[in-house]
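An overview of the molecular structure
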Amino acid sequence: MSEVELLSDVGADYTRLRDLLEAAKWKEADEETGTLMLKVASRETQGLLDSESISKFPCTDLRTIDRLWVKYSKGRFGFSVQKRIYDEVGKDSEKWGDLVGWRQGGIWLNFSDLTFNIDAPTGHLPGRFARFPVGWGWWFGPFLVSRIEECSL
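Residues numbered from 1 in each chain as written. Predicted model: local features only at pLDDT ≥ 70, side-chain atom pairs only at ≥ 80, totals over all residues. Heavy atoms only, no water.

Note the cis peptide between L125 and P126, where omega equals 0°. Among the secondary structure elements, P126 is positioned in the loop between β2 (107-108) and β3 (130-132). Of note, the phi angle at A24 is positive, near 60°, even though the residue is not glycine. Inspection of the secondary structure puts A24 in the loop between α1 (15-22) and α2 (26-40). Not every positive phi belongs to a glycine, and S42 is a case in point at roughly 55°. On the secondary structure map, S42 appears in the loop between α2 and α3 (51-55). What makes S42 exposed here is its relative accessible area of 57%. (Helix = DSSP H or I, 4+ residues; strand = E, 2+ residues; numbered from the N terminus. Buried < 20%, exposed > 50% of the residue type's maximum accessible area, 1.4 Å probe, protein only.)

Along the chain, D66 turns up in helix α4 (residues 59-72). Notably, D66 is buried but unbridged: the nearest opposite-charge side chain belongs to R67, and the N-O separation is 6.1 Å. A polar contact of 2.8 Å, which involves the side chain of D66, links it to the backbone nitrogen of F79. Among residues more than four places away in sequence, those in contact with D66 are G78, F79, S80 and L153. (Lys, Arg positive; Asp, Glu negative; His and termini not counted. Salt bridge = Lys/Arg side-chain N within 4 Å of Asp/Glu carboxyl O. Polar contact = N/O pair within 3.5 Å; in protein donor to acceptor, adjacent residues only side chain to side chain. Contact = heavy atoms within 4.5 Å.)

In this section: the packing of α2 against α4. Where α2 contacts α4, the axes come no closer than 11 Å and their chain directions differ by 175°. Judged by the angle between their axes, α2 and α4 are roughly antiparallel. When α2 is examined against α4, the residues W26, A29, D30, T33, M37 and V40 are found in contact with a partner set consisting of D61, L62, I65, W69 and Y72. Counted by class, the contact of α2 with α4 contains eight nonpolar, one polar and two charged residues. (Axes fitted to C-alpha atoms, helices over the stretch in contact; angles between N-to-C directions. Parallel < 35°, antiparallel > 145°, perpendicular 65-115°, else oblique. Nonpolar A, V, L, I, M, F, W, Y, C, P; charged D, E, K, R; others polar.)

Take it as geometry only, folks, not as evidence of what the structure does.
Given below as structure tokens:
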């Protein structure tokens, strides 16, 4: 597989993310993805991405992050993988959560309960973007789905 160009519209450095993914350090890569996304969106102080910041998230950066995850997981992880599964289940978020392993027995998992290895279900990672005061915020939602479509991931 060819090398992923570490492109960014805002000067973000994706070297550490690439290195973590190459070393199969999935949890650390997930955390680095969150850190980078907040930095790219200038939302570090807020600690989360809101609908506006997601709708303006640079496609170049979203594509770089996705391509790194897809390459180093051999097609198992990444936003485009999550989006494909979402489309396959007819945009049924609960069924989608079951398939990617974020929901078990009808209950949405906490970040600490995710699986951080290559044997995790397809689409399982990346799994979070920022720590909230009372829990964890999930990456995937209608605004990110829309942005993934707009960016043609």
